[in-house]
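The residues making up each chain are set out below.
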Amino acid sequence: MKFYSTNDTSLRVNLKEAVINSLPKDRGLYMPEEIKLLGEGFWQDFENMSFQEIAFEVSQKLIAEAVPPEELRDIVEQAVNFDAPVHNLDKHLHILELFHGPTLAFKDFGARFMAKLMAFLTQSDEEPLTILVATSGDTGGAVASGFYKAPGIQVMILYPSGRVSPLQEKQLTTLGANIKAFEIEGAFDDCQAMVKQAFLDEDLNHRFRLTSANSINIARLIPQSFYYFRAYQQLIKKKGKLVFCVPSGNFGNLTAGLIAQKMGLPIKKFIAATNKNDVVPRYLESGQFQPRESVATVSNAMDVGNPSNFVRMGDLFGNDWVNMKNQLKAYAFDDEQTLRTIDEVKQKFGYTIDPHGAVAYLAAKKYLLENPDDEVVILGTAHPAKFPEAVKKASGTSPQIPARLAQLTDLKKESILLPADYQAFKDKLMSL
Ligand SMILES: *Cc1c(COP(=O)(O)O)cnc(C)c1O
């Protein structure tokens, strides 16, 4: 399987290049050159397959000969080692819980698969790989956990001092081994700017073989299609009526759903749910794609003003607005509605939902008013314990912290404290 750039479909690279480069030079995004339908054999066995078997079959279709089947099976078994259960919330409304991985968010699927795949692709390379990543909180934890002890790979994470939650900080700074945390006295934007500059720095590129674990990497996208199949397997009786409602920021999760649909998964429609960062809902209204500065909300992992995967969605819909509008509904909600919904879901169903899931719940409800016979699955992208302040504010009670998160509080933080100054960061890296 080759991968093309959305900016130039005649440019083709192999899997290793797509994964290690992350971004094509022309600043498009990589897409598989062919998204094939799963065969009859797959569907015959489907109901009895384990999640790992599904993941293997789906990834093999998207990666093909780039990884031999035995190795791909290993990668999938190590990466997808926790389930994605469907919880029935209400009549016609379900939540697919994607937060049972080590860092309690769906990003574990992408980060774990990418880590195992990168380690495989570079196993016979002499020079080790150095992953540089800036985080505002969630991505860093998933990447740190996914790459922990990955052979031949070291990870350097930059995070803004005092601006990630205490638990998030522990997730970044307590692993040790091949994971290094740089605590930057500045904002997330400073961290991101330093990472960007490092990629362009000749001295650093001479010293380290740098790569990124960016969310637009194709290796993070592919595993996000697995759990749409797993959801369908659990709701197979609702065949023909299934609609997926995806709380969206950079739209990677939704794009992965579109890929699953293209592989033959019978999905009736998609709903994109956003907070006030509503560039995509506005686009579906008007046909105009107008990126804007992001605004801060309580569903902060969706605070994106220029969703990077939008070009992939365009590509999948033949860059046709009408086509996209027919397949995709989109709704946006504000913080007040989100907080009220966290409380409402708790009162009505005794279920604690996180702020991102609450935005999706609102969108699903709105859709069901117009389409009362459909079955909506909202994607539960994070465990509520990751957002204790918002949940407490909304419902008056703090979410229960799962044991594996709680135990982090006793571990010792180890970070390298630096000013938000590129030269200081570079000097430090060169001295390592
Ligand atoms: C990253 C994230 C999202 C947004 O996902 P995209 O693929 O960027 O649209 C939603 N919810 C949570 C909890 C996240 O961490």
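What comes next concerns the included structure. Treat the numbers as computed from the prediction; the structure is a model and nothing was measured. Starting from 1, residues in each chain are numbered consecutively following that chain's sequence as written. Given that the model is predicted, a residue must reach a pLDDT of at least 70 before its local features are reported, and side-chain atom pairs must reach 80 or more before they are shown or counted; all residues, however, enter totals for whole chains, interfaces and linings. Water and hydrogen atoms play no part in the side-chain values, which are based on all heavy atoms of the structure.

Things to note about the overall build of the protein chain
Right, on to step 1. Think of it this way: any DSSP run of H or I at least four residues long counts as a helix, any run of E at least two long counts as a strand, and we number them from the N terminus. The secondary structure content of the protein chain amounts to 20 helices and 14 strands.
Right, on to step 2. The C-alpha radius of gyration computed for the protein chain amounts to 21 Å, which stays within 12% of the reference 22 Å derived for 432 residues, consistent with globular compactness.
Right, on to step 3. Taking the principal axes of the C-alpha coordinates as reference, the protein chain spans close to 65 × 50 × 45 Å.
Right, on to step 4. Buried positions account for 56% of the 432 residues belonging to the protein chain.
Right, on to step 5. Residue contacts follow a heavy-atom distance rule, with two residues in contact if any of their heavy atoms lie within 4.5 Å. Counting contacts in the protein chain only where the partners sit at least 6 residues apart, residues at least 24 apart contribute 74% of the total.
Right, on to step 6. A total accessible area of about 18,200 Å² is found for the protein chain, and carbon and sulfur atoms account for 46% of it.
Right, on to step 7. Positive residues here are Lys and Arg, negative ones are Asp and Glu, while His and the chain termini are left out of the count. By convention, the point assigned to a charge is CZ for Arg, NZ for Lys, CD for Glu and CG for Asp. In the protein chain, 47 side chains carry a positive charge and 52 a negative one; their mean positions are 3 Å apart. Here the globule rule is a power law, 2.2 Å times the number of residues to the power 0.38, and the radius of gyration is based on C-alpha atoms. Only protein chains enter the area calculation, which uses a 1.4 Å probe; residues under 20% of their type maximum are buried, those over 50% are exposed, and those in between are partly exposed. Accessibility throughout is a Shrake-Rupley quantity obtained with a 1.4 Å probe, and a residue counts as covered only by protein chains that appear here.

Remarks on the environment of L167
Right, on to step 1. Inspection of the secondary structure puts L167 in helix α7 (residues 166-173).
Right, on to step 2. Sequence-wise, L167 and M118 are 49 residues apart; in three dimensions their C-alpha atoms are separated by 27 Å.
Right, on to step 3. Once residues lying within four places of it in the same chain are set aside, the contact partners of L167 are I401, L405, L408 and T409.

Remarks on the packing of aromatic side chains
Right, on to step 1. Put simply, two rings from Phe, Tyr or Trp (the six-membered ring, in Trp's case) pair if the centres are within 6.5 Å, and we call them stacked under 30 degrees between planes, edge-to-face over 60, tilted for the rest. Following the criterion strictly, the structure yields 21 aromatic pairs and no others.
Right, on to step 2. Linked through ring pairs, F51, F82, F109, Y227, Y228, F244 and F270 together constitute an aromatic cluster.
Right, on to step 3. Taking the ring centre of F56 as reference, the NZ or CZ of R73 above it sits at 4.0 Å. The criterion for a charge sitting over a ring is simple: Lys NZ or Arg CZ within 6 Å of the ring centre, and within 35 degrees of the ring normal.

Quick notes on the sheet that holds strand β5 (residues 93-97)
Backbone-to-backbone hydrogen bonds pair the strands of a sheet. The strands run either parallel or antiparallel.
Right, on to step 1. Strand pairing is assigned whenever DSSP detects at least two bridges linking the two strands. Read from one edge to the other, the open sheet built from 6 strands follows the order β4-β5-β13-β10-β11-β12, with strand pairing classed as mixed. The two strands at the open ends of the sheet, each matched to only one other strand, are β4 (86-90) and β12 (328-332). Between one strand axis and the next, the sheet turns by 25° as a mean value, whatever way the strands run.
Right, on to step 2. The pairing of β4 with β5 spans 4 bridges and is classified as antiparallel. By the bridge assignment for β5, D90 is matched with L93.
Right, on to step 3. Working convention: axes come from line fits to C-alpha atoms, limited for helices to the stretch in contact. Angles between N-to-C directions cover 0 to 180 degrees. Running at roughly 180° to strand β11 (residues 269-274), helix α12 (residues 252-262) makes contact with β10 (242-247), β11, β12 and β13 (375-380) of the sheet.

Thoughts on the pattern of salt bridges
Right, on to step 1. By definition, a salt bridge exists where a carboxyl oxygen of Asp or Glu is found within 4 Å of a side-chain nitrogen of Lys or Arg. Summed over all chains, the structure comprises 15 salt bridges.
Right, on to step 2. In this structure, K16 and D125 form a salt bridge, with 2.9 Å as the shortest nitrogen-oxygen distance. Taken as a pair, K16 in helix α1 (residues 15-21) and D125 in the loop between α5 (107-121) and β6 (129-134) lie far apart in primary sequence, 109 residues in all.
Right, on to step 3. Judged by relative accessible area, which is 24%, D125 ranks as partly exposed.
Right, on to step 4. Residue D203 pairs with K426 through a salt bridge whose shortest N-O separation is 2.7 Å. One end of the pair, D203, is in helix α9 (residues 202-207); the other, K426, is in helix α20 (residues 422-431), and 223 residues separate them in sequence.

A closer look at the packing of helix α4 (residues 69-79) against α5
Right, on to step 1. Interhelical geometry of α4 versus α5 gives an angle of 145° and a closest axis separation of 8 Å. For the pair α4 and α5, the crossing hand works out as right-handed. Judged by residue contacts, E71, I75, V76, Q78 and A79 of α4 engage R112, F113, K116, L117 and F120 from α5.
Right, on to step 2. Residue type decides the class: Asp, Glu, Lys and Arg count as charged, Ala, Val, Leu, Ile, Met, Phe, Trp, Tyr, Cys and Pro as nonpolar, and the leftover types, Gly among them, as polar. Of the residues that constitute the contact of α4 with α5, the class distribution is 6 nonpolar, 1 polar and 3 charged. Helix crossings get a hand from a simple test, with the near helix turned counterclockwise from the far one by less than a right angle marking a left-handed crossing and a clockwise turn marking a right-handed one.

As for a negative patch on the surface
Right, on to step 1. A contiguous patch of negative charge on the surface is contributed by D45, E53, E70, E71, D74 and E77.
Right, on to step 2. With 4 residues, the single largest contributor to the negative patch is α4.
Right, on to step 3. Among the structural elements, D45 can be located in helix α2 (residues 40-45).
Right, on to step 4. Here D45 falls in the partly exposed class, since its relative accessible area comes to 46%. Two joining distances apply to patches: 9 Å for like charges and 5 Å for nonpolar side chains (Val, Leu, Ile, Met, Phe, Trp, Tyr), and every residue must have over 30% relative accessible area and no salt bridge.

Observations regarding the site of the ligand
Right, on to step 1. Throughout, the term near means that a residue has one or more heavy atoms lying within 4 Å of the molecule or strand in question. Lining the immediate surroundings of the ligand are 15 residues, of which K107, G249, N250, F251 and T381 lie closest.
Right, on to step 2. Two N or O atoms count as a polar contact when they lie within 3.5 Å, although within protein this holds only if one can serve as hydrogen donor and the other as acceptor, and sequence-adjacent residues are included solely when both atoms are side-chain atoms. One nitrogen or oxygen atom from the main chain of G252 is found 3.1 Å from an oxygen atom belonging to the ligand.
Right, on to step 3. Here an oxygen atom of the ligand and a backbone polar atom of N253 are 3.0 Å apart.
Right, on to step 4. Computed on the free molecule, the ligand has an accessible area of 390 Å², of which 95% lies beneath the protein chains in the complex.

Looking at unusual backbone geometry
Right, on to step 1. One non-glycine residue, S22, lies in the positive phi region at around 70°.
Right, on to step 2. With respect to the element layout, S22 can be found in the loop between α1 and β3 (30-32).
Right, on to step 3. On the basis of relative accessibility, which here comes to 4%, the residue S22 falls in the buried class.
Right, on to step 4. Here the phi dihedral of A64 falls at roughly 50°; this positive angle occurs in a residue that is not glycine.
Right, on to step 5. Here A64 shows up in the loop between α3 (51-63) and α4.

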